[in-house]
Amino acid sequence: MNKPIQKHIDTTTMKDKDKNDDLRAFVLSLPKAELHLHIEGSLEPELLFELAQRNDIALPYVSVDALRAAYAFDDLQSFLDLYYAGAGVLITERDFYDMTIAYLRRAQADGVVHAEIMFDPQTHTARGIAMATVFAGMARAMREAQASLNISSYLILSFLRHLSEESAFTTLEAALPLREQYGDLWIAIGLDSAERGNPPEKFTRVFALCKELGFRLVAHAGEEGPASYVRNALDLLQVERIDHGVRSEEDPALMQRLITDQIPLTVCPLSNLKLGVVRNMAEHNLARMLRSGVMITINSDDPAYFGGYVADNYMVSAIGLGLNRDELIILAKNSIKASLLDDAQKNKYLAQF
Ligand code: HPA
Ligand code: ZN
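Note that the coordinates shown come from a computational prediction; the quantities given were computed from them, not determined experimentally.

A.B. asks: Please explain the coordination of the zinc ion (ligand 2) as it appears in this structure.
C.D. replies: Put simply, a metal with four donors set out as a tetrahedron has ideal angles of 109.5 degrees, and one with six donors set out as an octahedron has ideal angles of 90 or 180 degrees. Each protein donor to the zinc ion (ligand 2) is listed here as His36 (NE2), His38 (NE2), His220 (NE2) and Asp301 (OD); together their distances run 2.0 to 2.2 Å. Classification of the site at the zinc ion (ligand 2) rests on its 4 donor atoms, whose angles at the metal span 82 to 174°, yielding the label irregular. All donors to the zinc ion (ligand 2) come from one chain, and their sequence spacing reads H-x1-H-x181-H-x80-D. A residue pair is termed long-range when its members are at least 10 positions apart, and His220 in strand 5 (residues 216-221) and Asp301 in the loop between strand 8 (296-298) and helix 15 (303-306) qualify at 81 residues. Residue classification places Asp301 among the buried positions, given a relative accessible area of 2%.

A.B. asks: Hey, could you run me through the packing of aromatic side chains in this one?
C.D. replies: For any two aromatic rings, the description comes down to two numbers: the centre-to-centre distance and the angle of the planes. The full count for this structure, using the stated rule, is 14 aromatic pairs. On the basis of an interplanar angle of 75° and a centroid distance of 5.4 Å, the ring pair of Phe79 and Tyr305 is categorised as edge-to-face. Of this pair, Phe79 sits in helix 4 (residues 76-86) while Tyr305 sits in helix 15, and the two are 226 residues apart along the sequence. The same class applies to Phe79 and to Tyr305, which are both buried.

A.B. asks: Could you clarify how one ought to interpret the nonpolar core in this entry?
C.D. replies: Membership of the largest hydrophobic core comes to 107 residues, with the highest contact counts inside it found for Phe135, Phe159, Ile189, Phe207 and Leu328. Ignoring any residue separated from it by four or fewer positions in sequence, one finds Leu328 in contact with Leu23, Phe26, Val27, Leu30, Tyr314, Ala318 and Leu323. Listed in part, the 15 residues of the second largest apolar core include Leu35, Val218, Leu341 and Tyr349.

A.B. asks: Hey, could you run me through the sheet that holds strand 2 (residues 112-119) in this one?
C.D. replies: Working definition: the strands of a sheet are paired by backbone hydrogen bonds and lie parallel or antiparallel to each other. Read from one edge to the other, the open sheet built from 8 strands follows the order 1-2-3-4-5-6-7-8, with strand pairing classed as parallel. Pairing within the sheet leaves two strands with one partner each, and these edge strands are strand 1 (32-38) and strand 8. Ignoring strand direction, the axes of neighbouring strands in this sheet form an average angle of 25°. Of the strand pairs in this sheet, strand 3 (residues 152-160) and strand 4 (residues 186-192) are connected by 6 bridges, and their pairing is parallel. Along strand 4, the bridge assignment pairs Leu160 with Asp192. Packing against the sheet, helix 17 (residues 325-337) makes contact with strand 1, strand 2 and strand 8, and its axis sits at approximately 70° to strand 1.

A.B. asks: Even after reading the chapter, I still don't get the confidence of the model for the protein chain, so can you show me in this structure?
C.D. replies: Summarising the model, the protein chain shows a mean pLDDT of 96, and 96% of its residues fall at 70 or more. Confidence drops under pLDDT 50 across residues 1-7; counting only partners more than four residues distant or on other chains, this segment forms 0 contacts.

A.B. asks: I would appreciate a short explanation of helix 10 (residues 204-212) in the present structure.
C.D. replies: Of all the residues in helix 10, the buried ones are Val206, Phe207 and Cys210. Projected down its long axis, helix 10 carries its buried residues within an arc of 100°, all on one side. Counted as exposed and oriented over 90 degrees from the buried face of helix 10: Arg205 and Glu212. Each element contacted by the buried residues of helix 10 is listed here: strand 3, helix 8 (165-175), strand 4 and strand 5. Downstream of helix 10 by one or two residues, Gly214 has phi in the positive range, about 90°.

How each quantity is defined
- Residues numbered from 1 in each chain as written.
- Chains lettered and ligands numbered in written order.
- Predicted model: local features only at pLDDT ≥ 70, side-chain atom pairs only at ≥ 80, totals over all residues.
- Heavy atoms only, no water.
- Donors = N, O, S within 2.8 Å, 3.2 Å for Na, K, Ca; no water.
- Tetrahedral: all angles 85-135°; square planar, octahedral: opposite > 155°, others 65-115°.
- Helix = DSSP H or I, 4+ residues; strand = E, 2+ residues; numbered from the N terminus.
- Buried < 20%, exposed > 50% of the residue type's maximum accessible area, 1.4 Å probe, protein only.
- Phe/Tyr/Trp six-rings, centres within 6.5 Å; stacked < 30°, edge-to-face > 60°.
- Core = buried A, V, L, I, M, F, W, Y, C linked by side-chain atoms within 4.5 Å.
- Contact = heavy atoms within 4.5 Å.
- Pairing = 2+ DSSP bridges.
- Axes fitted to C-alpha atoms, helices over the stretch in contact; angles between N-to-C directions.
- pLDDT = per-residue confidence, 0-100.
- Arc of directions from axis to C-beta.

What follows is the structure, encoded as structure tokens:
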């Protein structure tokens with residue numbers, strides 16, 4: 001019997017590309033949950049153009065390439081301006097379905113087994129789109145993806161923090177009648193948009209009501225805002241998970257609390273890079289926080305705008321910060337543990353490692 005020739009692969013002589021292909025295959029193979037994803041931020045320029053055409057909406061860009069070229073941001077606000085304008089092409093149930101199914105297919109290709117999807121209803125209702133239209137399109141895609149792609153998902157209805165608390169109350173009121181129909185998907189409330197000058201305490205009362213109504217709570221904090229916003233999101237809004245939270249490091253006592261209580265941070269490296277939260281990946285604190293015991297997860301935020309989906313975010317972290325495979329496994333496991341799934345579902349996914 002011929003013995004197979006033993007091939008000796010010396011990784012030190014492997015070309016960088018081969019090594020990266022290998023690493024990417026490893027990242028893709030890990031079962032992952034995506035916990036910080038704005039569905040409006042998954043609208044790729046190609047689909048954005050298609051929807052504009054379908055809905056007879058004029059865009060101030062001559063081509064998909066011209067639009068993509070405009071995605072150069074100085075800070076969070078410069079991104080938000082384009083992101084809200086881009087969402088203006090979403091009109092019908094089918095538009096919301098198309099956007100959501102495109103994301104779920106793309107996420108599944110990256111090895112995402114579960115996604116917790118934020119959406120900004122105020123962006124749509126302010127343009128006269130019915131709340132029911134927004135929910136119906138997203139929910140149809142999510143249910144279809146559960147059945148045909150085997151990817152589970154939840155919805156996180158997020159209030160825009162640059163608007164008033166009163167507007168958040170009105171939004172909640174408009175959405176609540178839909179809970180009967182979509183309560184299996186819509187289980188959580190979030191807070192996003194321009195952080196500076198819009199502290200968590202602006203939304204204390206509406207978050208208290210959401211808690212009373214039985215919603216799970218998350219909030220963006222410590223992206224551009226200071227560590228005190230993270231503290232106040234925890235203490236005043238009573239959230240169980242922080243979106244971004246990278247500025248928590250500025251407060252050592254807060255850091256200790258995150259570690260002791262294992263409060264998850266949904267970190268988005270490419271977003272931080274593109275919005276100037278960090279100057280380069282080497283400066284990102286996610287590896288340091290992970291190694292000091294913080295429950296860090298890796299996510300894509302607005303993948304169509306920041307140039308990468310979840311696997312790209314794992315890759316840029318692994319390469320830029322020298323994360324080893326054991327650390328990538330911890331990050332993927334963290335994403336399952338930090339999800340809003342029940343213990344039985346978490347254990348099902350954790351058993352796949
Ligand atoms: N921060 C705040 N609001 C947002 C973001 C973000 O990264 N993405 C979409 N809305
Ligand atoms: Zn975000």
